[in-house]
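This is what each chain is made of:
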Amino acid sequence: MRVRTAPHPFVMLDAIYMKARDRGAVRSKGMLIAMGVNLEGHREILGFQVGDGESNEAWYEFSSSLKIRGL
């Protein structure tokens, strides 16, 4: 997934949780989401990553991946 090059004056990071089957069991998984608001005021999904939760390590990895992709 490629991040758009349009400027985003506002970027929000959040997580939602949903149930997913993992190794034969249903577990709660966190989806880390980055959403930006462009100069025209439209919201855009800039990236997402599924993980086990919202640890500092998970957020660091996710935000680093966004930075590497140009956000």
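In this text, all values refer to a predicted model and were calculated from it rather than measured experimentally. (Residues numbered from 1 in each chain as written. Predicted model: local features only at pLDDT ≥ 70, side-chain atom pairs only at ≥ 80, totals over all residues. Heavy atoms only, no water.)

Student: Could you clarify how one ought to interpret the nonpolar core in this entry?
Tutor: Across soluble globular proteins, nonpolar side chains have a tendency to be buried as a group. Counting eight residues, the largest nonpolar core is built from Ala15, Leu32, Ala34, Leu46, Ala58, Trp59, Phe62 and Leu66. Listed by contribution, the elements that provide at least two residues to this core are strand S2 (25-37) and helix H1 (56-68). Looking at this core, the element that brings in the most residues is H1, giving four residues. Dropping the residues within four chain positions of it, Ala15 is found in contact with Met31, Leu32, Glu54 and Trp59. (Core = buried A, V, L, I, M, F, W, Y, C linked by side-chain atoms within 4.5 Å. Buried < 20%, exposed > 50% of the residue type's maximum accessible area, 1.4 Å probe, protein only. Helix = DSSP H or I, 4+ residues; strand = E, 2+ residues; numbered from the N terminus. Contact = heavy atoms within 4.5 Å.)

Student: What's the story with the sheet that holds strand S1 (residues 10-22) in this structure? I'm lost.
Tutor: Across a sheet, paired strands are connected by hydrogen bonds in the backbone, their directions being either parallel or antiparallel. Strand order in the open sheet formed by three strands is S1-S2-S3, with antiparallel pairing between adjacent strands. Looking at which strands have only one partner, the edges of the open sheet turn out to be S1 and strand S3 (43-51). Adjacent strand axes in the sheet meet at a mean angle of 25 degrees, parallel and antiparallel pairs treated alike. One ladder, built from 13 bridges, connects S1 with S2; its direction is antiparallel. Bridged to Ala20 within S2 is Arg27. Taken strand by strand, H1 contacts S1, S2 and S3, and its axis lies near 135 degrees from that of S3. (Pairing = 2+ DSSP bridges. Axes fitted to C-alpha atoms, helices over the stretch in contact; angles between N-to-C directions.)

Student: I tried to follow the confidence of the model for the protein chain on my own but got confused; where do I start?
Tutor: Residues shown with low pLDDT carry predicted positions that ought not to be read at fine detail. Averaged over every residue, the pLDDT of the protein chain is 89; residues scoring 70 or more account for 92%. S1 is the least confidently modelled element of the protein chain, averaging 92 in pLDDT, while S2 averages 94, the highest of any element. (pLDDT = per-residue confidence, 0-100.)

Student: Can you help me understand the pattern of salt bridges in this one?
Tutor: Pairing of side chains with opposite charge becomes possible as their charged atoms draw close. Under the definition given, this model contains four salt bridges. One salt bridge connects Arg23 with Asp22, and the closest N-O pair in it is separated by 3.3 Å. For Arg23, a relative accessible area of 71% puts it in the exposed group. Here Lys29 ties to Asp22 by a salt bridge, and the two come within 3.3 Å at their closest N and O atoms. Each member of the pair, Lys29 as well as Asp22, is classed as buried. Through salt bridges that share partners, Asp22, Arg23, Arg27, Lys29 and Asp52 make up one connected network. (Salt bridge = Lys/Arg side-chain N within 4 Å of Asp/Glu carboxyl O.)

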